[in-house]
Number of protein chains: 2
Amino acid sequence: MPDYKAPLRDMRFLIDEVFDFHASYAALGASDATPDMVNAILEEGAKFCEQVLAPLNRSGDEEECQFNNGEVSTPKGFKEAFAQYAEGGWMSLAADPNYGGQGLPHSLGLLISEMVGASNTSWGMYPGLTQGAMSAIHAHGTEEQKQAYLTRMTAGRWTGTMCLTEAHCGTDLGIIKTRAVPQADGSYAVSGSKIFISAGEHDMSENIVHLVLAKLPDAPAGTKGISLFIVPKFLPDAQGEAGARNAVSCGSIEHKMGIKASATCVINFDNAKGFLIGEANKGLNCMFTMMNHARLGTGMQGLCLGETSFQGAIKYANERLQMRALTGPKAPDKAADPIIVHPDVRRMLLTMKAFNEGNRALAYFTAQLLDVAHSSDSDAQRQEAENLLAFLTPICKAFMTETGLEVTNHGMQVFGGHGFIREWGMEQLVRDCRIAPIYEGTNGIQALDLLGRKVLGSQGKLLRGFTKIVHRFCEAQAQHPQLSGYVAQLATLNKEWGELTQKVGMAAIKNPDEVGAAALDYLMYSGYIILGYFWLRMAVVAQGRLSAGGGEAAYYRAKLATCEFYFKRLLPRTAAHQAAVEAGSDCLMQLPAEQFAL
Amino acid sequence: MPDYKAPLRDMRFLIDEVFDFHASYAALGASDATPDMVNAILEEGAKFCEQVLAPLNRSGDEEECQFNNGEVSTPKGFKEAFAQYAEGGWMSLAADPNYGGQGLPHSLGLLISEMVGASNTSWGMYPGLTQGAMSAIHAHGTEEQKQAYLTRMTAGRWTGTMCLTEAHCGTDLGIIKTRAVPQADGSYAVSGSKIFISAGEHDMSENIVHLVLAKLPDAPAGTKGISLFIVPKFLPDAQGEAGARNAVSCGSIEHKMGIKASATCVINFDNAKGFLIGEANKGLNCMFTMMNHARLGTGMQGLCLGETSFQGAIKYANERLQMRALTGPKAPDKAADPIIVHPDVRRMLLTMKAFNEGNRALAYFTAQLLDVAHSSDSDAQRQEAENLLAFLTPICKAFMTETGLEVTNHGMQVFGGHGFIREWGMEQLVRDCRIAPIYEGTNGIQALDLLGRKVLGSQGKLLRGFTKIVHRFCEAQAQHPQLSGYVAQLATLNKEWGELTQKVGMAAIKNPDEVGAAALDYLMYSGYIILGYFWLRMAVVAQGRLSAGGGEAAYYRAKLATCEFYFKRLLPRTAAHQAAVEAGSDCLMQLPAEQFAL
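None of these values were measured; they are calculated from a predicted model.

**Student:** Help me out: how do you make sense of the overall build of chain A in this one?
**Tutor:** Tallying secondary structure elements over chain A gives 19 helices and 11 strands in all. In terms of C-alpha radius of gyration, chain A reaches 24 Å, essentially the compact-globule figure of 25 Å for 598 residues. Taken along the three principal axes of its C-alpha coordinates, chain A extends 80 × 60 × 60 Å. The buried share of chain A, taken over its 598 residues, is 64%. Of all intrachain contacts in chain A linking residues separated by at least 6 positions in sequence, the fraction that spans at least 24 positions is 74%. Total accessible area computed for chain A in this model is approximately 20500 Å², and 52% of it derives from carbon and sulfur atoms. Separation of charge centres in chain A, based on 52 positive and 62 negative side chains, amounts to 4 Å.

**Student:** What is the right way to look at the UniProt feature "domain: Acyl-CoA oxidase/dehydrogenase middle" (unreviewed entry) in chain A in this model?
**Tutor:** Taking the numbering used here, the UniProt-annotated feature "domain: Acyl-CoA oxidase/dehydrogenase middle" (unreviewed entry) corresponds to residues 162–271 of chain A. A helix fraction of 0% and a strand fraction of 47% characterise residues 162–271 of chain A, whose end C-alpha atoms lie 18 Å from each other.

**Student:** How should I be thinking about the nonpolar core in this particular structure?
**Tutor:** Taken as a class, soluble globular proteins show a tendency for nonpolar side chains to be buried jointly. One finds L349, F391 and F466 of chain A together with L349, F391 and F466 of chain B to be the most contacted residues of the largest nonpolar core, which totals 418 residues. Apart from residues no more than four positions distant in its own chain, F466 of chain A is found in contact with F365, L388, F391, L392, W497, I530, Y533 and F534 of chain A.

**Student:** What exactly am I supposed to notice about the packing of helix α9 (residues 283–319) of chain A against helix α11 (residues 379–414) of chain A here?
**Tutor:** Two quantities define a packed helix pair, namely the angle between the helix axes and the distance between the axes. Residue and element names in this part refer to chain A. Contact pair α9 / α11: the axes reach a minimum separation of 8 Å and the direction vectors enclose 20 degrees. In terms of orientation, α9 lies roughly parallel with respect to α11. Both α9 and α11 take part in a crossing whose hand is left-handed. When the residues that make up the contact of α9 with α11 are grouped by side-chain class, the tally is 12 nonpolar, 11 polar and 2 charged.

**Student:** Honestly, the UniProt feature "domain: Acyl-CoA dehydrogenase/oxidase C-terminal" (unreviewed entry) in chain A in this entry has me stumped. Any pointers?
**Tutor:** Here the UniProt-annotated "domain: Acyl-CoA dehydrogenase/oxidase C-terminal" (unreviewed entry) positions come out as residues 281–449 of chain A. Secondary structure content for residues 281–449 of chain A is 72% helix and 0% strand, while the C-alpha to C-alpha distance between its ends is 22 Å.

**Student:** When you look at empty space enclosed by the protein in this model, what are you seeing that I'm missing?
**Tutor:** Gaps between atoms show up when a probe of the same size as a water molecule is rolled over them. As enumerated under the stated definition, the model contains 5 cavities of 30 Å³ or more in all. For the second largest cavity, the calculated volume is near 50 Å³.

**Student:** It is not clear to me how helix α8 (residues 143–154) of chain B should be interpreted in this structure. Could you clarify?
**Tutor:** Working note: α-helix, 3.6 residues per turn, so residues spaced by three or four point in the same direction. Residue and element names in this part refer to chain B. For α8, the full list of buried residues reads Q145, K146, Y149, L150, R152, M153 and T154. In this structure, the buried residues of α8 make contact with α7 (121–140), β3 (158–163), β6 (207–214), β7 (227–232), β8 (234–236) and β11 (264–277). Directly beyond the C-terminal end of α8, a positive phi value near 75 degrees is found at G156.

**Student:** What's the story with the relation of the copies chain A and chain B in this structure? I'm lost.
**Tutor:** For the pair of chain copies, the relating operation is a rotation around an axis with a shift along it. Relative to chain B, chain A is turned by 180 degrees and slid 0.0 Å along the rotation axis, the superposed coordinates differing by an RMSD of 0.0 Å. Such a combination of turn and shift is consistent with a two-fold rotation axis.

**Student:** Please explain the interface of chain A and chain B as it appears in this structure.
**Tutor:** Many analyses report the size of an interface as the accessible area lost when the parts associate. On the side of chain B, 93 residues touch chain A, which itself brings 93 residues to the contact. Buried area between chain A and chain B, both sides added, is near 8200 Å², and the carbon and sulfur share of it is 63%. For chain A, the biggest contributors to the area lost against chain B are F420, R569 and F596 of chain A; these three give 11% of the whole. At the boundary of chain A with chain B, the tally comes to 4 salt bridges. Notably, a salt bridge pairs R569 of chain A with D521 of chain B, separated by 2.8 Å at the nearest N-O pair. For the side of chain A that touches chain B, the leading source of residues is helix α17 (residues 553–570) of chain A, giving 8 residues. Residue composition of the side of chain A that touches chain B, by class: 51 nonpolar, 21 polar and 21 charged.

**Student:** What should I look at first to understand a positive patch on the surface in this one?
**Tutor:** Residue and element names in this part refer to chain A. Positive charge collects at one region of the surface, where K461, R464, K468 and R472 lie side by side. Tracing the backbone through its elements, the reader meets K468 in helix α14 (residues 461–476). Judged by relative accessible area, which is 46%, K468 ranks as partly exposed.

**Student:** Which parts of the structure should I look at to understand helix α12 (residues 426–434) of chain B?
**Tutor:** The buried count for α12 of chain B comes to 9 of 9 residues, which makes it a mostly enclosed element. On its buried face, α12 of chain B is in contact with α11 and α12 (426–434) of chain A together with α4 (57–63), α9 (283–319) and α11 (379–414) of chain B.

**Student:** Got a minute to help me understand the domain arrangement of chain A in this structure?
**Tutor:** Residues and elements named next belong to chain A. Partitioning chain A into structural domains gives domain 1 (286–449) and domain 2 (458–589). One C-alpha centre belongs to domain 1, the other to domain 2, and the line joining them spans 18 Å. Taken residue by residue, the interface counts 28 residues in domain 1 and 29 residues in domain 2. For the pair domain 1 and domain 2, the two sides together bury roughly 2400 Å², of which 82% comes from carbon and sulfur. In this assembly, domain 1 and domain 2 are joined by 2 salt bridges. For the salt bridge of E406 with R573, the shortest nitrogen-to-oxygen distance reads 2.9 Å. At the boundary of domain 1 with domain 2, the tally comes to 3 residue pairs in polar contact (both at pLDDT 80 or more). Every element with two or more residues in the side of domain 1 that touches domain 2 is listed here: α10 (343–375), α11 and α13 (443–456).

**Student:** Looking at this structure, I do not really get the packing of aromatic side chains. What am I missing?
**Tutor:** Note on aromatic pairs: each is described by the distance of the centres and the angle between the planes. A complete count under the given rule lists 62 aromatic pairs over all chains for this structure. Measuring from centroid to centroid gives 6.0 Å for F19 of chain B and F534 of chain B, while their planes differ by 75 degrees, and the two rings are edge-to-face. Residue F19 of chain B is found in the loop between α1 (8–18) and α2 (21–27), and its partner F534 of chain B is found in helix α16 (residues 513–548); the two are separated by 515 residues along the sequence. Judged by relative accessible area, F19 of chain B falls into the buried class, the value being 7%. Relative to Y533 of chain B, the ring of F473 of chain B lies with its centre 5.4 Å away and its plane at 90 degrees, an arrangement referred to as edge-to-face. Of this pair, F473 of chain B sits in helix α14 (residues 461–477) while Y533 of chain B sits in helix α16, and the two are 60 residues apart along the sequence. Y533 of chain B sits in the buried class, given a relative accessible area of 2%. Members of the aromatic cluster, each reached through a chain of ring pairs, are F19, F365, F391, F466, F473, W497, Y533 and F534 of chain A. Of note, R152 of chain A hangs over the ring of W158 of chain A, and the distance from its end group to the ring centre comes to 5.3 Å. Across from the ring centre of F234 of chain A, 5.5 Å away, lies the NZ or CZ of R245 of chain A, which sits over that ring.

**Student:** Help me understand unusual backbone geometry, please; the structure alone is not making it clear to me.
**Tutor:** All names here are of chain B. Unusually for a residue other than glycine, D20 sits at a positive phi of about 50 degrees. For D20, the location among the structural elements is in the loop between α1 and α2. With a phi close to 65 degrees, M323 is a non-glycine residue in the positive phi region. Relative to the assigned elements, M323 resides in the loop between α9 and α10 (343–375).

Conventions used here
- Throughout this description, residue numbers start from 1 for each chain and increase along the sequence as written.
- For naming, the first written chain is A and the first written ligand is 1, with later ones following in the order written.
- Whole-chain, interface and lining totals are the exception, using all residues; otherwise, since this is a predicted model, local features are given only for residues with pLDDT of at least 70 and side-chain atom pairs are given and counted only at 80 or more.
- With hydrogens and water excluded, all non-hydrogen atoms of the structure serve as input to the side-chain values.
- In DSSP terms, a helix is any run of H or I states spanning at least four residues, a strand is any run of E spanning at least two, and both are numbered starting from the N terminus.
- The globule rule used here is 2.2 Å times the number of residues to the 0.38 power, and the radius of gyration it is set against is calculated over C-alpha atoms.
- Throughout this description, buried means an accessible area under 20% of the type-specific maximum (1.4 Å probe, protein chains only), exposed means over 50%, and partly exposed covers the range between.
- We call two residues in contact when some of their heavy atoms are within 4.5 Å.
- Using a 1.4 Å probe, the Shrake-Rupley method yields the accessible areas, and only the shown protein chains count as cover for residues.
- Charged residues are defined here as Lys and Arg on the positive side and Asp and Glu on the negative side; His and the ends of the chain fall outside this count.
- Taken as the charge location is NZ of Lys, CZ of Arg, CG of Asp or CD of Glu.
- UniProt positions are given in the numbering used here, feature names are shortened, and annotations may be inferred rather than shown by experiment.
- As used in this record, nonpolar core signifies buried Ala, Val, Leu, Ile, Met, Phe, Trp, Tyr and Cys residues forming a set joined through side-chain atoms within 4.5 Å.
- Note on geometry: axes are C-alpha line fits, over the in-contact stretch for helices, and angles between N-to-C directions span 0 to 180 degrees.
- In these notes the angle categories are as follows: under 35 degrees is roughly parallel, over 145 is roughly antiparallel, 65 to 115 is roughly perpendicular, and the rest is oblique.
- Two helices crossing with the near one rotated counterclockwise from the far one by less than a right angle form a left-handed crossing, whereas a clockwise rotation gives a right-handed crossing.
- Under the scheme applied here, ten amino acids are nonpolar (Ala, Val, Leu, Ile, Met, Phe, Trp, Tyr, Cys and Pro), four are charged (Asp, Glu, Lys and Arg), and all others, including Gly, are polar.
- As defined here, a cavity is a set of points on a 1 Å grid over the protein atoms alone where a 1.4 Å probe fits but cannot get out. A pocket is an open set with protein on both sides within 12 Å along at least five of seven lines, and residues line them when an atom is within 4 Å of a point.
- Grid points are joined across faces, edges and corners, and a volume is the space filled by probe spheres set on the points.
- Least-squares fitting of one copy onto the other uses the C-alpha atoms of those residues that reach a pLDDT of at least 70 in both copies.
- Joining two parts hides part of their accessible area as seen by a 1.4 Å probe, and the buried area is that hidden amount summed over both.
- Here a salt bridge means any side-chain nitrogen of Lys or Arg lying within 4 Å of a carboxyl oxygen belonging to Asp or Glu.
- For patches, a residue must show more than 30% relative accessible area and have no salt bridge; joins then use 9 Å for like charges and 5 Å for nonpolar side chains, namely Val, Leu, Ile, Met, Phe, Trp and Tyr.
- Marked domain ranges trace back to an automatic or database domain assignment.
- Whenever two N or O atoms come within 3.5 Å, that pair is a polar contact, provided that in protein one can donate a hydrogen and the other can accept it, and provided that, for residues adjacent in sequence, both atoms are side-chain atoms.
- Here a Phe, Tyr or Trp ring, Trp counted by its six-membered ring, pairs with any other such ring whose centre lies within 6.5 Å, and the pair is stacked when the planes are under 30 degrees apart, edge-to-face when over 60, and tilted otherwise.
- Both a distance and an angle decide whether a charge sits over a ring: NZ of Lys or CZ of Arg must be within 6 Å of the ring centre and within 35 degrees of the ring normal.

The structure is reproduced here in structure tokens:
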């Protein structure tokens, strides 16, 4: 397993130099988040992730979670690491001070979660799911529920889950079968079986707070009849502590391709006592609070695993000696040259670097929007941030996981045969990453959400909210002495993006299948343009520093070289996606289902 | 694990209707390979693969090979299946009758190996490696060596290996350290340690014949000083049977991401008795006999695993109910529609289908060339076939494995969360496939071989040998009533292919790094055009059958629909690869190695 080192320099480049988090923290009144404090937090977080979590990553994969008679034991060291995490105040970092949190900006929480996911994705699932559940309780729970559950989750004593999927439905939550029957005491008796419940059962916390989608007896059919319930594993006793065992049990855990140290559970509710959260039949709305959090988090996994894979690959490429450079020996004193001299190895490494750093910029930009949406005093600012978040969330989830999977596969390929051997840890990153394009709504579903609900559903308004930003940037930088060529390339694509959208929109009026036919390629097309924008923003900053003649010239030159690589070798992929979008739905729909296989 | 059914209809479409194997068998004097005989062999092969090998695929993955004190046990049933395979005459099918073979065409052997690899890739490694070793002994061994080894391997009593890689070198065989010291009796004492030796040790055969690359004491440095040796695990006794144990031992086996039932061994030679095969210092040439065989076989793995994945995905997509079609319910009597109604699911299924069937056409075309190269009486025909094989082999290896990996990943994605669960078997196909772009020369090495050695090394001659075929086909079909649009699209690309090659060739004269910078994208670009050609050849046949009004209209219409999908949604990917090729090497080479990570 590659030794993970948190990329603090790169994180600071974005928060200090590109997006100026400090200015936005000040504007949002986050007075505790001073530059010194942010720095100290990042450095402490890095230490914890590098020294505590990273060493448990490979052993966790080998040990996997173990199921024994309803109980799940996590791999050695997981429980202790979680205690240390809670004690260090990492769970409470961005949580509400009214319930024990530190009230630091959400963006800072996301930066920490990047380091957690990069050092140990499986482990990160436990706090990650908990934070998703916390956000739903915070947004939709009663004051009493918040006091009862949120405080203990913020303290890292109780953890949370999202119980959505059932054996017969994942995407299609309208057809869930889990039922909740009102009881005389105001609680509900919840019965049903949920599958694929991450962190559904484990030995890391005193209690597990399940957030469960279920239907009331009189609920309307479909998604408009779903309600959300809090169903704790142990019912709060008189002191509010974990008391009597509820009728919730873990039936089994799944044996998976990856994230093997994350317990993926069948959770059975057998007239379990549950408490309605939010309004009856409005459960899907409540759940979206969790899901948006989870979708951004899942997108981050693509970045996290890509970063760790890059760190492994770059080290190996500098050490592994094999063949001579085509232009003549570069290490004549050695038996062969390090493989980083070979253009094709560099192609893989630069692809990894360009996606990782581009995805990081996209994620941090989104994180900054989270802060605004959460804390701005201005309704208009909040709404604008919400709109951009609605547009960017499916792209973060799908584009960052598709490219993350490509990156981890390149990292493995750089290792040649050794990449396939478990001992080196590179193949685990591919396996761990492979779930990310699937869960929290498959990437196909994200694409439908983007094109159907967000872009076309807003008559293009949500798209224009972003293309306007790109347009203004391109106008401002059109005469940039070194980068104007790329600015022009981006401006052209930005314009074509709108035109392509209109074309799909027109076609969709006549035939709704056009949306589904175009969606995934449209999302990828959009993602490449968005990353082009962020690469150019980074390049403008880097060029500015170089022109100003300050220090760290090598660092800024690397940014410019990677930007050039992105524009020349990755951004042209838009052409293939555009052609696929323009191909329309006929070539997908004409073949009768029974004639696919003959 | 999906139930594998050999795609006999599709195999017959290619051998009977598109490529007319029977005519070429007759022309080559393969009088035993009558249409009836070929049919019977395919049906028997299908039965064996479906009934014996496929059921051992998932259990093999779960059990893995076990190493115990130098011995390797294969998973339950593997040994018995191998005995049955040998007894059924499958190992001897295409082998030389002078050494116990049946002398049937090589192409027929490849068709059988497709079914073997699709039903159980790990198991297929054992006979696959043996066949590679057999071809090297057949081409380079003395008559005595052939009698001693080939006859027993043909009978399936002894198996073979290729011992190339060492810990410090895989691609760079010029720096191997294994030594062979001449002995008084004409044999050699071989010492060294080889890694990644597939089928290096196991319990399936009476003896294991290692073909080992090693250096003589006075050998020139680099690849011109490598010799090939036969080093059997047990030395032949007076009767030629497995006698005294040679000083060959298995040090350990690797724990891998996939093909877990294939034993990947460290093999130690400690003054083991070896016998020179072929000329001294010409070992690399001999090895290429094995490698070309192995490269085509590895390419086939992409097709094999893609086919099995498709069979699983299509079944699931027809059975799994989730959401309603965007155009309104298609199965109103059910809780939801089968997911095959959704355009994005169809996008994945058709991508799988288009790559599988296109790759199969490429593979069978290549197989037919193998027959000609092997058996034609005409020097000119043989030479032409050899040239086409030299050109197509790296493309088969790399393009078919890259696309095979994409296909297996789509298959997994179609299953949603269930795709990630081991029980369903879809993720195993991804893991088993992931080695194929790596071993037998990474795809980066294949790309260098294609662009550097084959295309530019022949001043474009080997490329023109293929583009001429495409050109003639396009000319002949230019006025095709239904397909002329695609013919024109292909003709344009075929022309651009030559122009792009010239551009790279010119750039490479000034800077050899241009070859490495362009290679992988050039190979993929070429592969897409080649598959376009084969798709159109299939479409012309299918359209002909439809126009003639015979039976099986649905089958032929599916071919046309898939061809349309390929031309509209996959072939445009050439644009992205072309742009990457044209980007040149500067954006890859400018960043100093030490500045990739800061």
